[in-house]
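# Survey of secondary and tertiary structure
Each chain is listed here by its residues.
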Amino acid sequence: MTPHGRNQDPNRDKKNHRTGFYFKHFPPGVPKPGPKKKIIVYRESIETVVQSPFMEEWRTGTEIAEQATKMVSNWWTPISVYVVTNYMRRYVAKGIVSKRKPNTISPFEYRRV
């Protein structure tokens, strides 16, 4: 006899309430199979640009976005300046990147510390 309701076998695959398909839970820290999500690929590509020698000089968000987009699939949307600015704000808060505005009409520039 199989348990019903709340007392189901914990080793049994779970069922998605929307789609009705069964799926297997992965323990924390174990990567899921398949390609990475777009937000993870964008974050990693911006991270590699920040760590590269490209960031030793002052660069605008547009230049950083162009470099990071080279590491992303051509089928995906290119990384925009707004996405770069969002991640740069986090790096400035951590002290990894410094930020300046040369004059009032030009965009912000970033450089690795």
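Right above here is the structure, for reference.
Residues numbered from 1 in each chain as written. Predicted model: local features only at pLDDT ≥ 70, side-chain atom pairs only at ≥ 80, totals over all residues. Heavy atoms only, no water.

Turning to the overall build of the protein chain, a few remarks are in order. Helices and strands together make up the secondary structure of the protein chain, namely three helices and five strands. Taken from the N to the C terminus, the helices and strands of the protein chain come in the order β-β-α-β-α-α-β-β. When the accessible surface of the protein chain is split by element, carbon and sulfur atoms take 56% of a total near 9100 Å². (Helix = DSSP H or I, 4+ residues; strand = E, 2+ residues; numbered from the N terminus. Areas by Shrake-Rupley, 256 points an atom, 1.4 Å probe, with all protein chains shown as cover.)

What follows is about the sheet that holds strand β3 (residues 59-60). Strands sit in the order β3-β5-β4 across an open sheet of three strands; the sheet is antiparallel. On the outer flanks of this sheet lie β3 and β4 (97-100), each paired with one strand and no other. Of the strands in this sheet, β4 and β5 (109-112) touch helix α3 (residues 81-94), which is tilted by about 115 degrees from β4. (Pairing = 2+ DSSP bridges. Contact = heavy atoms within 4.5 Å. Axes fitted to C-alpha atoms, helices over the stretch in contact; angles between N-to-C directions.)

A cluster of basic side chains, namely Arg43, Arg89, Arg90, Lys94, Lys99 and Lys101, defines a positive patch on the protein surface. Top element by residues in the positive patch is α3. It accounts for three residues. Tracing the backbone through its elements, the reader meets lysine 101 in the loop between β4 and β5. (Patch = residues over 30% accessible without salt bridge, like charges linked within 9 Å, V, L, I, M, F, W, Y side chains within 5 Å. Salt bridge = Lys/Arg side-chain N within 4 Å of Asp/Glu carboxyl O. Lys, Arg positive; Asp, Glu negative; His and termini not counted. Charge placed at Lys NZ, Arg CZ, Asp CG, Glu CD.)

These figures capture arrangement, not role.
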